[in-house]
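Here's the letter readout for the chains.
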Amino acid sequence: MIKNRREYLFFYDVVDANPNGDPMNENRPRIDEETGICYITDTRLKRFIRDALLEMGEEVFIREERKEDGTLKTKEDLLKLYDEGNYEEILKRCIDIRLFGGTFAVENKAKAFTGPVQFKFGRSLHRVSVKLVKGTTVLPSGEQRGQGTMTDTYIIPYGFFCFYGIANEKASRETELTEEDLLKMTEAMWYGVKSSTDVISRSKFGHTPRLLIEIIYREGEKFHIGELNRRVAIKKPDTLDELAIRDVSEFELELSGLKEAVQKHRDKIKKVHYAIDDRLRLSEGSSLEEVFAGVELKKFPWVDA
């Protein structure tokens, strides 16, 4: 089981795609109307992670599996595959339950596991516009045999998003989360956003991971900085409107707030892992070496592996 608390910052951008459609609002991207900020649920990020873990050969419990008649299996159907709902078997085999927890009910006996890993909603670091793209399908529908069907697709031209998460060493005792599990999760985050099967769809194609940071605190340290997502910002030219941003090259990521917090509490930090895309520009004074000066800083073992 893990013995060190961790915090995560994960940045990725979305180009000409729908980062997280709202099914209750015509599947439009989710926009905070008061601020113009686009947000993505933690459920969406966990879906990326689960899909990537599956492609890495890991077993996950929350998955789409169909019966012989083509209908989706229910949670109750899946539970039967684990020794008729043996929770120890589920934890042993399913990495997503060890990571994110889950709620189950077998023969009226409810069981809930609190996930050691939790993420806040991801939010764009700038205001975002939503565009409606109209089109037609080649094949006609049943009632319109003479022509294709009209389609409406909502996208954002560009959005740069930040997720904040934490891994709690105390909660890991219940689900038996391991260091290896967390390493696989970070790899799945990075590559899942970029190339998992779910991303290679028309509405999701255009996601690119830019920066992933894992801060590992010293063993026995009950402290963590908190609200890391509120300590970062983008720095753009004054002449460039936020709504007009279209590429990661048009701005710099400002980490001075994170740097201040890290340097204040660096004696509590054991080490930091990271992965960074070479197109992301960090502002002056915000290089990772400067932000984490005095702290052991290394790339994740899976980077370039």
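Coordinates for the structure precede this section.
What you see is a predicted model; the values in this text were computed from it and never measured.

### A closer look at the overall build of the protein chain
Helix and strand counts for the protein chain stand at 8 helices and 16 strands. Taken over C-alpha atoms, the radius of gyration comes to 21 Å for the protein chain, in line with the 19 Å a tight globule of 305 residues would show. Taken along the three principal axes of its C-alpha coordinates, the protein chain extends 70 × 60 × 40 Å. The contacts of the protein chain with a sequence gap of at least 6 include a subset with a gap of at least 24, amounting to 73%. About 15,800 Å² of surface is accessible on the protein chain, with carbon and sulfur atoms providing 46% of the total.

### Thoughts on the environment of arginine 246
Structurally, arginine 246 can be placed in the loop between β13 (233-235) and β14 (252-254). Once the C-alpha coordinates of arginine 246 and phenylalanine 160 are considered, the two residues, 86 residues apart in sequence, prove to be 9.6 Å apart.

### Regarding the packing of helix α1 (residues 42-55) against helix α6 (residues 179-195)
It is the contact of α1 with α6, at a shortest axis distance of 8 Å, that shows an interaxial angle of 100 degrees. In terms of orientation, α1 and α6 fall into the roughly perpendicular class. On α6, the residues touching Phe48, Ile49, Ala52, Leu53 and Glu55 of α1 are Lys184, Met185, Ala188, Met189, Gly192, Val193 and Ser195. Of the residues belonging to the contact of α1 with α6, the class tally is 8 nonpolar, 2 polar and 2 charged.

### Topic: the pattern of salt bridges
One pass over the structure, following the stated rule, counts 26 salt bridges. Across the pair glutamate 169 and arginine 5 runs a salt bridge whose closest N-O atoms are separated by 3.0 Å. Of this pair, glutamate 169 sits in the loop between β11 (150-167) and α5 (172-175) while arginine 5 is found in the segment before β1 (6-17), placing the two residues 164 residues apart along the sequence. The exposure classification of glutamate 169 matches that of arginine 5, with both residues buried. What you see here is one network of salt bridges that share partners, running through Arg6, Glu179 and Glu214.

### Things to note about the environment of leucine 228
Among the structural elements, leucine 228 can be located in the loop between β12 (207-217) and β13. Considered as a pair, leucine 228 and tryptophan 190 are 38 residues apart in the sequence and their alpha carbons are 19 Å apart. Aside from chain neighbours lying at most four places away, what touches leucine 228 is Glu7, Leu9, Tyr164, Ile215 and Leu258.

### Observations concerning the layout of surface pockets
Looking at the largest pocket, its volume works out to about 380 Å³. Taken together, Thr43, Lys46, Arg47, Arg50, Asp51, Leu54, Ile62, Arg63, Glu64, Phe100 and Gly101 form the lining of the largest pocket. The element contributing the most residues to the lining of the largest pocket is α1, with 6 residues. Of the residues assigned to the lining of the largest pocket, the class counts are 3 nonpolar, 2 polar and 6 charged. Empty space within the second largest pocket amounts to approximately 320 Å³. Taken together, 13 residues make up the lining of the second largest pocket; nearest its centre are Phe121, Arg123, Leu125, Asn229 and Arg230. If one sorts the elements of the lining of the second largest pocket by residue count, strand β9 (residues 122-127) sits on top with 3 residues. Residues that form the lining of the second largest pocket fall into these classes: 7 nonpolar, 2 polar and 4 charged.

### Some details on the side chain of arginine 50
Summarising the element assignment, arginine 50 is placed in helix α1. Under the relative-accessibility criterion, arginine 50 is labelled buried at 11%. Here aspartate 96 takes part through its side chain, which lies 2.9 Å from a polar atom of the side chain of arginine 50. Beyond its immediate stretch of four places on either side in the chain, arginine 50 contacts Val60, Ile62, Asp96 and Phe100.

### Details of the nonpolar core
With 36 residues, the main nonpolar core has Phe10, Ile49, Leu99, Val117, Phe119, Leu182 and Met185 as its most contacted residues. At the level of elements, β1, β5 (37-40), α1, α4 (95-100), β8 (117-119), β11 and α6 are the ones that each hand at least two residues to this core. Not counting chain neighbours up to four residues away, the residues in contact with leucine 99 comprise Leu53, Gly115, Pro116, Val117, Leu177, Asp181, Leu182 and Met185. Membership of the second largest hydrophobic core comes to 32 residues, among which are Leu125, Leu240, Val248 and Leu258.

### So, unusual backbone geometry
Its identity is not glycine, yet aspartate 16 carries a phi of approximately 50 degrees, on the positive side. Structurally, the position occupied by aspartate 16 is in strand β1. For aspartate 16, a relative accessible area of 47% gives the class partly exposed. With phi around 60 degrees, glutamate 26 is a residue other than glycine that occupies positive phi space. Inspection of the secondary structure assignment puts glutamate 26 in the loop between β2 (21-22) and β3 (28-29). The class for glutamate 26 is exposed, based on a relative accessible area of 53%.

Each value, and the rule that gives it
Residues numbered from 1 in each chain as written. Predicted model: local features only at pLDDT ≥ 70, side-chain atom pairs only at ≥ 80, totals over all residues. Heavy atoms only, no water. Helix = DSSP H or I, 4+ residues; strand = E, 2+ residues; numbered from the N terminus. Rg over C-alpha atoms; globule rule 2.2 N^0.38 Å. Contact = heavy atoms within 4.5 Å. Areas by Shrake-Rupley, 256 points an atom, 1.4 Å probe, with all protein chains shown as cover. Axes fitted to C-alpha atoms, helices over the stretch in contact; angles between N-to-C directions. Parallel < 35°, antiparallel > 145°, perpendicular 65-115°, else oblique. Nonpolar A, V, L, I, M, F, W, Y, C, P; charged D, E, K, R; others polar. Salt bridge = Lys/Arg side-chain N within 4 Å of Asp/Glu carboxyl O. Buried < 20%, exposed > 50% of the residue type's maximum accessible area, 1.4 Å probe, protein only. 1 Å grid on protein atoms, 1.4 Å probe; cavity = no way out; pocket = protein on both sides within 12 Å on 5 of 7 lines; lining within 4 Å. Points joined across faces, edges and corners; volume = space filled by probe spheres on them. Polar contact = N/O pair within 3.5 Å; in protein donor to acceptor, adjacent residues only side chain to side chain. Core = buried A, V, L, I, M, F, W, Y, C linked by side-chain atoms within 4.5 Å.

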